[in-house]
Amino acid sequence: MSAGSAEATLVVALVKAGRTKIRYPATAVRDDGTRITVRAPWAAPGVRDFGFVRFEPGDVFTEHYWRDRWFAVKEVRTGAGGLKGWYCDITRPAVLRDGELRVEDLDLDLWVSADGSSVLRLDEDEFTRSGLAGRDPEAAGAAVAALDELERLARAGELTSLLA
């Protein structure tokens, strides 16, 4: 799908530790061969309150996945269009096949508030407990490097340059 073609529906499958964590329909917005952008409503049931942000029914996620990078960046907006911020998942590079966008979550996350004043590294304890560093040291190194890169961009106010 190119920037000028009609939008299509696909399924995003988020996999964690070999199991599908969640599957949800999304509208494909753009695919330039490297980055795939989709839009989807908040897919989990009910409200998820993280303390620093609430994801709730009506929120809209514009999700950017890369075939060659170890992260996904999700712009989060209210149903009325107000920007909440960016939730960044550290993942293996995304794979799109037969209408399914498969993404393997590697536990590390980064939250960046709408005004950029809050940049939070998340779930580092989960990442350590996952044992990825012992099972696949190269993947663990790529995951930590991806988190460091996203944090550096966010603190410099340059995270959105990835999404242009």
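Since we're looking at a predicted model, the values are computed, not measured. (Residues numbered from 1 in each chain as written. Predicted model: local features only at pLDDT ≥ 70, side-chain atom pairs only at ≥ 80, totals over all residues. Heavy atoms only, no water.)

**Overview of the overall build of the protein**
Item 1. Each helix and strand counted, the protein has three helices and 11 strands in total.
Item 2. When the helices and strands of the protein are read in sequence order from the N terminus, they spell out β-β-β-β-β-β-β-β-β-β-β-α-α-α.
Item 3. Compactness check: the protein gives a C-alpha radius of gyration of 15 Å against a globular reference of 15 Å for 164 residues, within 12% of the reference.
Item 4. The C-alpha extent of the protein, read off along each of the three principal axes, is 45 × 35 × 30 Å.
Item 5. Buried positions account for 41% of the 164 residues belonging to the protein.
Item 6. Each charge class in the protein can be summarised by its mean position, and for the 22 positive and 27 negative side chains these summaries are 3 Å apart. (Helix = DSSP H or I, 4+ residues; strand = E, 2+ residues; numbered from the N terminus. Rg over C-alpha atoms; globule rule 2.2 N^0.38 Å. Buried < 20%, exposed > 50% of the residue type's maximum accessible area, 1.4 Å probe, protein only. Lys, Arg positive; Asp, Glu negative; His and termini not counted. Charge placed at Lys NZ, Arg CZ, Asp CG, Glu CD.)

**Considerations on the nonpolar core**
Item 1. With 24 residues, the main nonpolar core has Phe71, Val73, Ile90, Leu110, Leu150 and Leu162 as its most contacted residues.
Item 2. Mapped by element, the contributors of at least two residues to this core are β7 (71–77), β8 (83–91), β10 (100–113) and α3 (137–155).
Item 3. Broken down by element, this core gets its largest block of residues, eight residues, from α3.
Item 4. Within the second largest apolar cluster, 14 residues are counted, among which are Leu10, Ala26, Ala28 and Ala40. (Core = buried A, V, L, I, M, F, W, Y, C linked by side-chain atoms within 4.5 Å.)

**Here we look at the confidence of the model for the protein**
Item 1. Averaged over every residue, the pLDDT of the protein is 94; the share at 70 or more is 96%.
Item 2. Across residues 1–5, where pLDDT falls below 50, the model places 11 contacts with residues more than four positions away in sequence or in other chains. (pLDDT = per-residue confidence, 0-100. Contact = heavy atoms within 4.5 Å.)

**So, the side chain of Thr37**
Item 1. Along the chain, the position of Thr37 falls in strand β3 (residues 35–41).
Item 2. A residue is classified by how much of its surface remains accessible, and Thr37, at 5% relative accessible area, is buried.
Item 3. Residues within four places of Thr37 in sequence aside, it is in contact with Thr27, Ala28, Val29, Arg30, Thr62, Glu63 and His64.

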